[in-house]
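One-letter residues, chain by chain:
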Amino acid sequence: MDRFSDDQVDRALGAWLREQSATRAPARIVEDVFARTSRTRQARRWWALRPLGRGLDGLPGSDVRRPSTWQRASAFAGAIGILVVVVGLAFVLRPGVTGPGTLVRPSPSPSLSASPSATASASPFVRPSPTPVPTVLGSTAARRLGLGDNAGPIEVTEAFGSIWVADIHGNDVRRYDPATMREVARIPARGAAWFAVADGALWVTNQMSVGLTRIDPATNTVVARVGDVPPCGAPVVAFDSIWQSACDAGVFLRIDPATNTVAETIPAAGHLFLALAGGQLVTTGPEGLATLDPDTGAFTPIVSAAPTDPAIVTSDGNAVWVVNASAVVGINPADGRTVGRLDAAEPQAISFAGDRAWVTLRHGGVLEVDRATMKVTRTIPVPGYPLVPLESAGVLWVTDFESSALWRIEP
Amino acid sequence: MQPVRDEASDVIRAMAGDHDAFAALANANVDRMYALARAIVRDVDRAEDATQEALVRAWRELPRLRDPSRFHAWLRRLLVNACYDEGRRARSRSEVVLLADHAPAIPDESSRVIDRDRLDRAFRRLPLEQRVVTVLGHIEGLTHEEIAATLDLPLGTVKSRARYALAGLRSALEADDRMPALAAETRRVGGGRG
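Definitions and limits used
- Residues numbered from 1 in each chain as written.
- Chains lettered and ligands numbered in written order.
- Predicted model: local features only at pLDDT ≥ 70, side-chain atom pairs only at ≥ 80, totals over all residues.
- Helix = DSSP H or I, 4+ residues; strand = E, 2+ residues; numbered from the N terminus.
- Buried ≥ 20, exposed ≤ 12 C-beta atoms within 10 Å, placed from the backbone.
- Contact = placed C-beta atoms within 7 Å.
- pLDDT = per-residue confidence, 0-100.
- Pairing = 2+ DSSP bridges.
- Axes fitted to C-alpha atoms, helices over the stretch in contact; angles between N-to-C directions.

Trainee: Any chance you could explain the overall build of chain B here in plain terms?
Mentor: When helices and strands are tallied, chain B shows nine helices and two strands. Going from N to C terminus, chain B has its helices and strands arranged as α-α-α-α-β-β-α-α-α-α-α. For chain B, the proportion of its 194 residues judged to be buried stands at 52%. Pairs at least 24 residues apart make up 65% of the contacts formed inside chain B by residues separated by at least 6 positions.

Dropping the structure here:
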């Protein structure tokens, strides 16, 4: 039997795919496209009140004719009617006027517009916050805070009496008052993605860069950057250390938070993500579930039905929960037994609070799940791309990666 | 001699509703879009449908394109979304039209060969989202960061999908060796979830 290395497969795949890039498209594709789009062409030109030009020579749907006076009058009347409706809707849906099931888009505050100098600043700064917009999601009261066009929120966490959001696109960490959603600090952190709390500090992975950034919550300043390889996934705090996967380099890092140094680099080919479950370090990846001995760096496989293509892994303290493209599966690391499973389309993350769990679905809202039965008890129709859920002090926080927003939901 | 068309101005004109400009853009991009769709969905009919659907959506959505300089990335995303739609539709089908691929094997540095047919079978077994990341990387030459930006996915998701795709391909190639009978069956009906 042939044994191929990843490199060999990658090169062969690349050559094979690139050969196919010379493919020519059948002419009928563009012909059909022109036929379908020409039906909307005249209406759009009337709307723009632009003079009609030459059609698409020799192609179906290219016979553009000048509209009649009646057609022009109809189009003009239609445009006026639509304008009236739009203005009316804008008046009804203006911020502060909400009704059940109505989502009110936030009006971005001019003072929040991201300035290059702000994100490049080495010192923390406080800027006037945008106003969170109250709304109702289904029957659930919520507030939505727009983070600005340049933001890409990944994880939200609660620590040091505040809510923190890692903004991977804006290259910063944002700190919020949990009651008011007022932004109280913004700290530069390259490609910020996942948090950990250790040694009295907040740590965040620099996923678009290298290492982790240590933030002093008392001063909202960066006090250290540790590691020189790109991190993957969330850090884990255990055994007096921070454990961080660096899957591009095929290693796990053990970071000593007391000295802000990488204390150990552990080869970890085939293991992508880490979690702490049942008092053990549990890893997942193409090699399947395994435990990692913190003293020897040795991996011990766990025989289980866990997916081997996890996108994310987390823990409820006892079980490790693996999320892939179609399911969330909980595994007891002690015996590999499946303790829970939820099949869903594109689940993104799971978090736990008491007897319930929250599961985000890409373009599918947030599911409330009964932990005992793993049955969905409620779907909160959070729009966009809800990514990471966190329940803290009876409030559900959700980041929306696609729309660059933070949700505060009162379940 | 035909004057060289300025694609940037075509984008701006098409955004304003100029169908001639849109036609120029469609003609300039359709081959590349079709090649991408073929590589992703592994089926000629579905690739045609996905390409056509993406172009129609492009015409409808063009007025909402915020940054004309992002036209190609935006069009790429429309195409990938159309491929996902085709993939979902195809799950209920049992027959697909396989791509003809009779080229010889691809030699690698160590003189061992990975047969194109085996590569094709293995690639079909990958989930669609892993194929998308792989194709955008190899055919479009995008970095993981650029793929993440194009698909509006977290970088970690793109990286893990690329990694799983490679691991999945290797496993499938090796499994293919172990089960020649199953491989022959897969060749007849087409494999993969997407």
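Picking up where we left off.
Trainee: Help me understand the overall build of chain A in this model?
Mentor: The helix and strand tally for chain A stands at four helices and 29 strands. When the 411 residues of chain A are sorted by exposure, 41% land in the buried category. Sequence separation of at least 24 residues holds for 41% of the intrachain contacts in chain A that already meet a minimum separation of 6.

Trainee: Would you take a moment to explain the confidence of the model for chain B for this structure?
Mentor: Any residue range with low pLDDT should be treated as having predicted coordinates unsuitable for detailed reading. Residues and elements named next belong to chain B. On average, residues of chain B score 77 in pLDDT, and 75% of them reach the 70 mark or higher. Per-element confidence in chain B ranges from a low mean pLDDT of 38 for helix H9 (residues 180-189) to a high of 93 for helix H6 (residues 128-138). Low confidence marks residues 107-112, where pLDDT is under 50. Its contacts with residues over four positions away, or in another chain, come to six contacts. In the model, residues 180-194 has pLDDT below 50 throughout and makes 24 contacts with residues more than four positions away in sequence or in other chains.

Trainee: Before we go on, may I ask you to explain the environment of Ala275(A) in this structure?
Mentor: All names here are of chain A. Tracing the backbone through its elements, the reader meets alanine 275 in strand E15 (residues 273-277). Accessibility expressed as a C-beta count within 10 Å gives 25 for alanine 275, which makes it buried. For the pair alanine 275 and alanine 319, spaced 44 residues apart in the sequence, the C-alpha separation amounts to 9.5 Å. For alanine 275, the residues in contact, after removing those within four places along its chain, are Val236, Val282, Val313, Thr314, Ser315 and Val320.

Trainee: Is there a simple way to think about the confidence of the model for chain A in this case?
Mentor: Residue and element names in this part refer to chain A. On average, residues of chain A score 80 in pLDDT, and 77% of them reach the 70 mark or higher. Considering only residues more than four positions removed or in separate chains, one finds that residues 39-72, a stretch of pLDDT under 50, has 37 contacts. Long-range and interchain partners of residues 92-127, a stretch whose pLDDT sits below 50, account for 57 contacts in this model, where long-range means more than four residues apart.

Trainee: Help me out: how do you make sense of the sheet that holds strand E21 (residues 327-331) of chain A in this one?
Mentor: Pairing between the strands of a sheet comes from backbone hydrogen bonds, and it takes one of two forms, parallel or antiparallel. Residues and elements named next belong to chain A. With antiparallel pairing, four strands are arranged side by side in an open sheet as E19-E20-E21-E22. Two strands lie at the open edges of the sheet, namely strand E19 (312-315) and strand E22 (338-343), each paired on one side alone. Shown here is a sheet whose adjacent strand axes are inclined to one another by a mean of 15°, direction ignored. Relative to E21, strand E20 (residues 320-323) runs antiparallel, the two being bridged by four bridges. Bridge pairing in E21 places tryptophan 321 opposite glycine 330.

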